[in-house]
Amino acid sequence: MEEDLNQEQEQEDDESAINIHEIENLIEQLPERYKLVFKLYILDNYTHDEIARELGISVGTSKSNLARARQWLKTRIEKMQADKAKALW
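Attention in this report is confined to the structure presented alongside it.

Helix and strand counts for the chain come out as five helices and zero strands. Counting from the amino terminus, helix and strand elements in the chain follow one another as α-α-α-α-α. Burial statistics for the chain: of 89 residues in total, 22% are counted as buried. Taken as a whole, the chain presents about 6500 Å² of accessible surface, with 49% of it coming from carbon and sulfur.

Following this line, the structure appears as structure tokens:
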């Protein structure tokens, strides 16, 4: 019985997982100032110094925008997962 419960939980986890297309969509929904820093840092591997020079902002602003982008995404991913989990019930 315990094995059945574990398999059931794994199936629910898979069904409530976020796929790459949903993540890409969320990234595109980021506020513009966060999206630009997020993409440069995460996807293009720029340093905060490089981002600051490129965008004409301070290193602190670059770091702050990245932190806010991550928090923004985390909040929406958690909500999306909760919504998917509710739909399974």
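On to the packing of helix α3 (residues 32-43) against helix α5 (residues 59-88). A pair of packed helices is captured by two measures, namely the crossing angle of their axes and the spacing between those axes. Interaxial distance between α3 and α5 falls to 8 Å at its minimum, and their mutual angle equals 100°. The angle between α3 and α5 falls in the class roughly perpendicular. Across the interface between the two elements, R33, Y34, V37, F38, Y41 and I42 from α3 touch S62, N65, L66, R68, A69, R70 and L73 from α5. Classifying every residue of the contact of α3 with α5 by side-chain character gives eight nonpolar, two polar and three charged.

On to unusual backbone geometry. Backbone geometry at N45 places phi at a positive 60°, although glycine is not the residue there. Take N45: it is sitting in the loop between α3 and α4 (48-55).

What counts, and where the lines are drawn
- Residues numbered from 1 in each chain as written.
- Predicted model: local features only at pLDDT ≥ 70, side-chain atom pairs only at ≥ 80, totals over all residues.
- Heavy atoms only, no water.
- Helix = DSSP H or I, 4+ residues; strand = E, 2+ residues; numbered from the N terminus.
- Buried < 20%, exposed > 50% of the residue type's maximum accessible area, 1.4 Å probe, protein only.
- Areas by Shrake-Rupley, 256 points an atom, 1.4 Å probe, with all protein chains shown as cover.
- Axes fitted to C-alpha atoms, helices over the stretch in contact; angles between N-to-C directions.
- Parallel < 35°, antiparallel > 145°, perpendicular 65-115°, else oblique.
- Contact = heavy atoms within 4.5 Å.
- Nonpolar A, V, L, I, M, F, W, Y, C, P; charged D, E, K, R; others polar.

All quantities given are derived from atomic positions and should not be read as evidence of function.
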